[in-house]
Amino acid sequence: MSTRRNLTTLPGWLAVLLTLALAVGGFLLGGLYFPISVVIGGVITALFAERSAFFAVAVQPPVITAVVVAGAVLLGRPLLDAATQLASTFPYLAGTMVAVIVILLVRVRSVRSA
């Protein structure tokens, strides 16, 4: 087994931080930027995360969304505004989770067949 890391893969901690940074930026911009940033972060990390980080990548879209919204409330954003933002994000979140899981399954199968 080789210990050399492929340059096209992200370690798990970096995949999570990337998605978190995108989600925080999208939340600060507001509107559709928040759900779109969660979608982009989830898909990018699903495409480039190393295999040992697949579980973290699969569960991160709803967890990071909840953490960002809860953090905004703790920092003074009104709870109703944050809840509204979270509710409007749900359809994007569901689609993102499906897309991320499909991407990860395809990556697992492609590695097994190679």
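Small disclaimer: the values here were computed from a predicted structure and weren't measured.

Peer 1: Quick question: what am I supposed to make of the packing of helix α1 (residues 12–29) against helix α3 (residues 54–74) here?
Peer 2: The geometry of a pair of packed helices is captured by two quantities: the angle between their axes and the separation between those axes. In the contact formed by α1 and α3, the axes pass within 10 Å of each other and the chain directions differ by 40°. Taken together, the axes of α1 and α3 are oblique relative to one another. The two elements α1 and α3 cross, and the hand of that crossing is right-handed. Taken together, the residues of α3 that come into contact with α1 (itself represented by Ala 15, Val 16, Thr 19, Leu 20, Ala 23, Val 24 and Phe 27) are Ala 56, Val 57, Gln 60, Ile 64, Val 68, Val 69 and Ala 72. Taken together, the residues of the contact of α1 with α3 sort by class into 12 nonpolar, 2 polar and no charged.

Peer 1: What exactly am I supposed to notice about α3 here?
Peer 2: At 3.6 residues per turn, the α-helix brings residues three or four places apart onto the same side. Between its first and last C-alpha atoms α3 spans 30 Å; for 21 residues at 1.5 Å apiece the expected length is 30 Å, and the two agree. Within α3, the axis deviates most sharply at Gln 60, by approximately 55°, and proline Pro 61 lies no more than four positions further along. When α3 is considered as a whole, its buried residues turn out to be Phe 54, Val 57, Ala 58, Gln 60, Pro 61, Ile 64, Thr 65, Val 68, Val 69 and Ala 72. Looking at the buried side of α3, the elements it contacts are α1, α2 (33–48) and α4 (79–113). Trailing α3 by a residue or two, Gly 76 shows a phi angle of about 115°, which is positive.

Cut-off values and rules
- Each chain has its residues counted from 1, running along the sequence as written.
- Selection of residues for local features in this predicted model requires a pLDDT of at least 70, selection of side-chain atom pairs for listing and counting requires 80 or more, and totals for whole chains, interfaces and linings are taken over all residues.
- Only hydrogens and water are set aside; all other atoms, that is, all heavy atoms of the structure, feed into the side-chain values.
- Each axis is a line fitted through C-alpha atoms, and for a helix only the stretch in contact is used; angles between axes span 0 to 180 degrees, taken between their N-to-C directions.
- Only DSSP runs of H or I covering at least 4 residues are called helices, and only runs of E covering at least 2 are called strands; the numbering of each starts at the N terminus.
- Angles below 35 degrees are treated as roughly parallel, those above 145 as roughly antiparallel, those between 65 and 115 as roughly perpendicular, and all remaining angles as oblique.
- The hand of a helix crossing depends on one turn: near helix anticlockwise from the far one by less than a right angle means left-handed, and clockwise means right-handed.
- What makes two residues a contact is simply this: any of their non-hydrogen atoms within 4.5 Å.
- Under the grouping applied here, Gly and all other residues not named as nonpolar or charged are polar, the nonpolar ones being Ala, Val, Leu, Ile, Met, Phe, Trp, Tyr, Cys and Pro and the charged ones Asp, Glu, Lys and Arg.
- Here, expected helix span is obtained from the residue count minus one, scaled by 1.5 Å.
- The seven residues ending at a residue and the seven starting there each receive a fitted axis; the angle between those axes is the bend at that residue.
- Accessibility here uses a 1.4 Å probe with only protein chains present; expressed as a share of the type maximum, an area under 20% marks a residue as buried, one over 50% as exposed, and anything in between as partly exposed.

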